[in-house]
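Coordinate inspection notes
So you can see what is in the structure, the chains are spelled out below.
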Amino acid sequence: MSHVFNIAPVGLDAQDRVAVNTATKLLSYDGIAYQLFDGEPAKAHLLILDEESAEGKQALKHSRPGQVKLVLSNKPASAKNTIGIPRPMDLGVLKSVLKKLYGMLQGQVAAQQAADATKQSKQGAPALTASLFNILLDAKTDKQILHIQSRQFPDIFIDGRNHCLATTASETEINQLVKLAPTDFTITRMNPDSFAVHSNNMSIQSLYNLLWLAGIKCSDGKLLAGHKLDAPFRLRAWPNFTRNTFIAEHLKLAAVLAKQTLNLQQLAEMTQVALGEVINFYNAAYAVDLIEFRQVADVVNAPAQPRNLAKQGLLAKIAQRLNLKSIF
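Summary of the structure given here. (Residues numbered from 1 in each chain as written. Predicted model: local features only at pLDDT ≥ 70, side-chain atom pairs only at ≥ 80, totals over all residues. Heavy atoms only, no water.)

Once that is clear, we can look at the side chain of S150. Secondary-structure assignment places S150 in strand β7 (residues 145-150). One polar contact links the side chain of S150 to the main-chain amide nitrogen of F153, over a distance of 3.3 Å. When sequence neighbours within four positions are dropped, the list of residues in contact with S150 reads L177, L180, D184 and F185. (Helix = DSSP H or I, 4+ residues; strand = E, 2+ residues; numbered from the N terminus. Polar contact = N/O pair within 3.5 Å; in protein donor to acceptor, adjacent residues only side chain to side chain. Contact = heavy atoms within 4.5 Å.)

Below you can see the structure in the form of structure tokens.
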């Protein structure tokens, strides 16, 4: 699966910044997903900087050893992880260099993912490493403000600080959008003022609703990286099941987790729900802060017999009976 190419332009003048914006746009036409980190060079795979500017000198001085530096200079020189390019910046040269660097990044990511997959296989489940779901979850966790663009659908503006989003996309379009691969998106970091400008006159929605939808639709039975099949947890609040995300098995999972602490393997065995579907539910619930981790699981008895939930009426009645409340 393709990885998002994180790029930070630092200390460039207006003309060189236009060249960077144009070159990265051209990358998207070649199926390369990128993200521009304005003002946050530490989070980028690649720094594009002017060594004559104060900002460029500072970024070069504090760059990580593993970061690749593309240095604009009157006397370009190359070193380990540093590529010199002549001033003024040539658009064709820049695009070619970016494409080669992206190929190198993909190779490194593939090697790391293979190592992660080997480690995760010992735990019995593949790791979910790249999807729109991961991008949205990172935005929430790291309080990022993102502009997400695709060719087919209206733009989405994400405010991870306030757990909200702004878009003109319809419910149907959002359901289709979450199924796209990361390479179908262009993702740009924004500042709070930019979000306020772009979101003006747009519908403001809860980021949690989109996170839940993406968690269900994007997980594909793969557990979030760093999570384990044998880690005990329970549900700390009742999910806000909606018409578009309601899956009958999830109601059964929620009802069981509301009463006892289990791990994913135990939950699948007890409910007779496929492990992949259990993982999808878990990923979505974790993303919207519904998971409470515990030290040990409860003693698991024989698999529960299916119940006729229709007799219990509305979902709210079930939640009330279990003394739970919806939080999103």
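Okay, the packing of helix α4 (residues 132-141) against helix α7 (residues 207-218) next. Packing of α4 against α7 brings their axes to within 9 Å, and their N-to-C directions diverge by 145 degrees. For α4 against α7, the interelement crossing comes out left-handed. Packed against α4, whose contacting residues are F133, L136, L137 and K140, the element α7 presents L207, Y208, L210, L211, A214, G215 and C218 at the interface. (Axes fitted to C-alpha atoms, helices over the stretch in contact; angles between N-to-C directions. Left-handed = near helix turned anticlockwise from the far one by under 90°.)

Counted under the stated rule, the structure contains nine salt bridges. Residue E40 is joined to K43 by a salt bridge in which the shortest nitrogen-to-oxygen separation is 3.3 Å. The class of E40 is partly exposed, set by a relative accessible area of 25%. For K43, a relative accessible area of 38% gives the class partly exposed. (Salt bridge = Lys/Arg side-chain N within 4 Å of Asp/Glu carboxyl O. Buried < 20%, exposed > 50% of the residue type's maximum accessible area, 1.4 Å probe, protein only.)

Position of E40 among the secondary structure elements: in the loop between β2 (34-36) and β3 (46-50). In sequence terms E40 and A59 are 19 residues apart; their C-alpha atoms lie 9.6 Å from each other. If we skip the residues at most four places from it in the chain, E40 touches A8 and R189. At 2.6 Å, the side chain of E40 forms a polar contact with the side chain of R189.

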